[in-house]
Amino acid sequence: ISASATFHQHSHAEEAAMVHHHDSAPTNHLKLVDWVRAQQALLEPDNVHWCDGSQEEYDSLVGDLVDKGIMIPLDSKLRPGSYLTRTDPADVARSESSTFICSEKEIDSGPTNNWVDPNQMRSELEKSFRGSMRGRTMYVIPFSMGPVGSPLARIGVQVTDSPFVVVNMRIMTRIGQPVLDVLGDDKEFVPCVHSVGKPLEPGDKDSLWPCNIPERKVVHFPESREIWSFGSGYGGNSLLGKKCLALRIASVMARDEGSLAEHMLILGLTSPAGKKYYIAAAFPSACGKTNLAMMQPTLPGWKVQVVGDDINWMKFNPKDSRLYAINPEAGFFGVAPGTSGKTNPNAMETIQKNTVFTNVALTEEGDVWWEGMTKRRPESKVVNWKGEVWDPSMGDKGTPLAHPNSRFTVSVDQCPAKDPAWDDPNGVPISAIIFGGRRETTVPLVFQTKDWNHGVLVGATVASEKTAAAEGSDVGQLRFDPFAMLPFAGYNMGDYFGHWLSMPSRVNDSSQLPKIFHVNWFRKDTNGSFMWPGFGENSRVLKWIVDRLEKPEDRELFTSTPIGYVPTASSLDLSGIEKEVAGGVMEKLLKVDAQSYLSEVGKARDYFKQFGDRFPAKLTKELDDLEDRLKKN
Ligand code: GTP
Ligand code: SPV
Ligand code: MN
């Protein structure tokens, strides 16, 4: 770790305090021990607790949180080992406006990230963090992103003053002693500092969800590979292994190493003939990754198994030129609303026990409820996500009982559809990459790109209607979200496009490159209803993708259009849903309207201007070629 990991110079009094604080660190890693001591001196916690990751430790933390009323136990028969937590109503989603990439040069953070000069940011952090853990315990969480000891895994160490964060980190990542063992005496780790930002002075009463919204900031130093998060306890802002390390910092590491760190699910797809394919897919937040990764296909004979539902690290193997992927996480932090036995039965089974729910509603029976879990609201009293009682006589009024970004935290291990190779330390070979977003109009159900570079253009032009996964009043508005990485790329997005374009030059046999597709489950009709049934029915699209992989020469399967290869009406297996998509629905879902697409090209051109000379010329050429094809159409 660079010296900058400890921006704080110790005073004599603090040095003395450190000597007296002879906490027994369960490691001989001197840099780690030093770093923890430095954080202790800065943050001034009452105690330091090194997490061993054991069940006893988990149970004891949960016990305390239950005693304090922070975690509400659910009915032990209906939902054993499960809890509900309500956050502060102002701390319910990722806060993109307070997320920073503090590279040494502003240009390296790029136009799509917030940037503050690192020196200035360090002094702001110093002000916020100094003494911020007073009256609290500092937990030290060694964690591995990826199977412990895997050549593809990376290690982080997070200090936090939130026991709730420790509980969630234990579900979402691999933590504790086994990680310290791999770290040995001198292996590298990413230092992660998190504080809810609410020190307690003697006599202060703690709140159920301490946070500090006015001073909230989630800060990344890409060169020294550090993460500092202040003032929020919400998932993506506080579980620092997830978006902060596994995407923002890991994307920078991947750039430097020639690999990829992506906001993608990974699924294993088995055809009726028994052939298995691994597929990765990037959709923006709350646009269907968890649902696709856990899908129960409605097409007979097909099977989907989940490797990961949110983050994907990929690297080419020089031996076979194939792209191998691991899921760096060990849990799901999934969107609750819309999850039901009909839409996602595998998720429903996964969250039957040992699950932490955040900001969902609580029923009279002591179970959870959210919009879309059942067709109608419960027949009896419910406590909504804010802790207010609602009863059926009060009617619907359009205010949801669960927050639209309410979530469940649960381990992958509990998922009945987990892939046998989900935690294979060597990863799984990817055959296809899918991009997608929420698009009411214009974008067809599915198309295949012409080649890798065209695929990169399609990734770079992903646009999606905003969801509740990020704060803001602009839910539903269309925004560009390149590669679904807009909030997660840790460096200049123009360079990121260039990195993707460089992939073919990294393999000996470019015929092994994954094929690139784009999907859209979210087309709407004039009444505002979804035109495509989605969820398990998306297996029909996966089948077409496999057909394209297996029979690239089969002319019956596709029409060549300016935007790429679109299925012919007869090449999609619609058996059983013919009625649902009758009356011209399929024609609309598969139509490529050159005029609408030309307007997309214009918007993309404007959007790309901000990248200036960091924008790859190859991608400009791809865009020009697309425009030519559309004009000739
Ligand atoms: P993050 O965890 O935020 O990255 O989200 P995600 O991409 O994993 O999205 P998720 O699968 O949780 O889905 C988000 C919302 O979209 C849920 O309310 C789903 O019910 C809904 N959804 C997912 N797939 C489909 C689909 O095929 N059709 C429709 N209409 N809705 C879908
Ligand atoms: C997302 O917003 O893409 C999530 C949830 O997966 S969070 O971990 O909060 O970022
Ligand atoms: Mn996500």
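First, a word on scope: everything that follows refers to the structure included in this document. (Residues numbered from 1 in each chain as written. Chains lettered and ligands numbered in written order. Predicted model: local features only at pLDDT ≥ 70, side-chain atom pairs only at ≥ 80, totals over all residues. Heavy atoms only, no water.)

Observations concerning the coordination of the manganese ion (ligand 3)
Then, number 1: Each protein donor to the manganese ion (ligand 3) is listed here as K243 (NZ), H263 (NE2) and D310 (OD); together their distances run 2.2 to 2.5 Å.
Then, number 2: Between the six donor atoms coordinating the manganese ion (ligand 3), the angles at the centre fall across 66 to 173°, so the site counts as octahedral.
Then, number 3: Along the chain, the residues donating to the manganese ion (ligand 3) fall in the pattern K-x19-H-x46-D. Remark: H263 occurs in the loop between β11 (260-262) and β12 (265-270) and K243 occurs in helix α9 (residues 241-257); sequence separation between them is 20 residues.
Then, number 4: What makes H263 buried here is its relative accessible area of 0%. (Donors = N, O, S within 2.8 Å, 3.2 Å for Na, K, Ca; no water. Tetrahedral: all angles 85-135°; square planar, octahedral: opposite > 155°, others 65-115°. Helix = DSSP H or I, 4+ residues; strand = E, 2+ residues; numbered from the N terminus. Buried < 20%, exposed > 50% of the residue type's maximum accessible area, 1.4 Å probe, protein only.)

So, the pattern of salt bridges
Then, number 1: Going through the model one piece at a time under the given rule, you end up with 35 salt bridges.
Then, number 2: Taking the shortest distance from any N to any O, the salt bridge between R130 and E126 comes out at 2.5 Å.
Then, number 3: Across the salt bridge formed by E627 and R605, the nearest N and O atoms sit 2.5 Å from each other. One end of the pair, E627, is in helix α17 (residues 617-632); the other, R605, is in helix α16 (residues 594-609), and 22 residues separate them in sequence.
Then, number 4: Take R605: its relative accessible area is 27%, and that puts it in the partly exposed class.
Then, number 5: A network of salt bridges, in which partner residues are shared, links K242, K243, K289, D310 and E329. (Salt bridge = Lys/Arg side-chain N within 4 Å of Asp/Glu carboxyl O.)

Describing the site of ligand 2
Then, number 1: Taken together, the neighbourhood of ligand 2 is formed by R94, Y234, G236, K242, K243, H263, S285, D310, F333, R407, A469 and F488.
Then, number 2: A distance of 2.8 Å separates an oxygen atom of ligand 2 from a polar atom in the side chain of Y234.
Then, number 3: The contact in question runs from an oxygen atom of ligand 2 to an N or O atom on the backbone of G236, over 2.9 Å.
Then, number 4: Burial of ligand 2 by the protein amounts to 98% of the accessible area it has alone, namely 280 Å².
Then, number 5: Considered class by class, the residues forming the shell around ligand 2 number four nonpolar, three polar and five charged. (Near = heavy atom within 4 Å. Polar contact = N/O pair within 3.5 Å; in protein donor to acceptor, adjacent residues only side chain to side chain. Areas by Shrake-Rupley, 256 points an atom, 1.4 Å probe, with all protein chains shown as cover. Nonpolar A, V, L, I, M, F, W, Y, C, P; charged D, E, K, R; others polar.)

Details of the site of ligand 1
Then, number 1: Inspection of the region around ligand 1 gives 22 residues, with A286, K289, N291, P337 and R407 positioned closest.
Then, number 2: Between ligand 1 and K289, the relevant distance is 2.7 Å, taken from an oxygen atom to a side-chain nitrogen or oxygen of the residue.
Then, number 3: Separating an oxygen atom of ligand 1 from a backbone N or O atom of F535 is a distance of 3.0 Å.
Then, number 4: Starting from 660 Å² of accessible surface for ligand 1 in isolation, the protein chains cover 93%.
Then, number 5: Going through the elements one at a time, α10 (289-293) and β17 (331-335) are the ones with two or more residues in the shell around ligand 1.
Then, number 6: If you tally residues by element for the shell around ligand 1, the top one is α10, at three residues.
Then, number 7: By residue class, the composition of the shell around ligand 1 is ten nonpolar, eight polar and four charged.

Thoughts on the environment of G301
Then, number 1: By secondary structure assignment, the location of G301 is in the loop between α10 and β14 (303-308).
Then, number 2: Given the relative accessible area of 53%, G301 is considered exposed.
Then, number 3: Between the C-alpha atoms of G301 and M493, which are 192 residues apart in sequence, the distance is 41 Å.
Then, number 4: Those residues in contact with G301 that sit more than four places away from it in its chain are T270, S271 and P272. (Contact = heavy atoms within 4.5 Å.)

Re the sheet that holds strand β22 (residues 389-390)
Two modes of strand pairing occur in sheets, parallel and antiparallel, and in both the strands are linked by backbone hydrogen bonds.
Then, number 1: Spatial ordering of the open sheet is given by β20-β19-β21-β22, a layout of four strands whose pairing is antiparallel. Two strands close off the open sheet at either side, each with one partner strand: β20 (368-369) and β22.
Then, number 2: Pairing of strand β19 (residues 361-363) with strand β21 (residues 382-383), which is carried by two bridges, proceeds in the antiparallel orientation. Within β21, the position partnered with L362 by the bridge is V383. (Pairing = 2+ DSSP bridges.)

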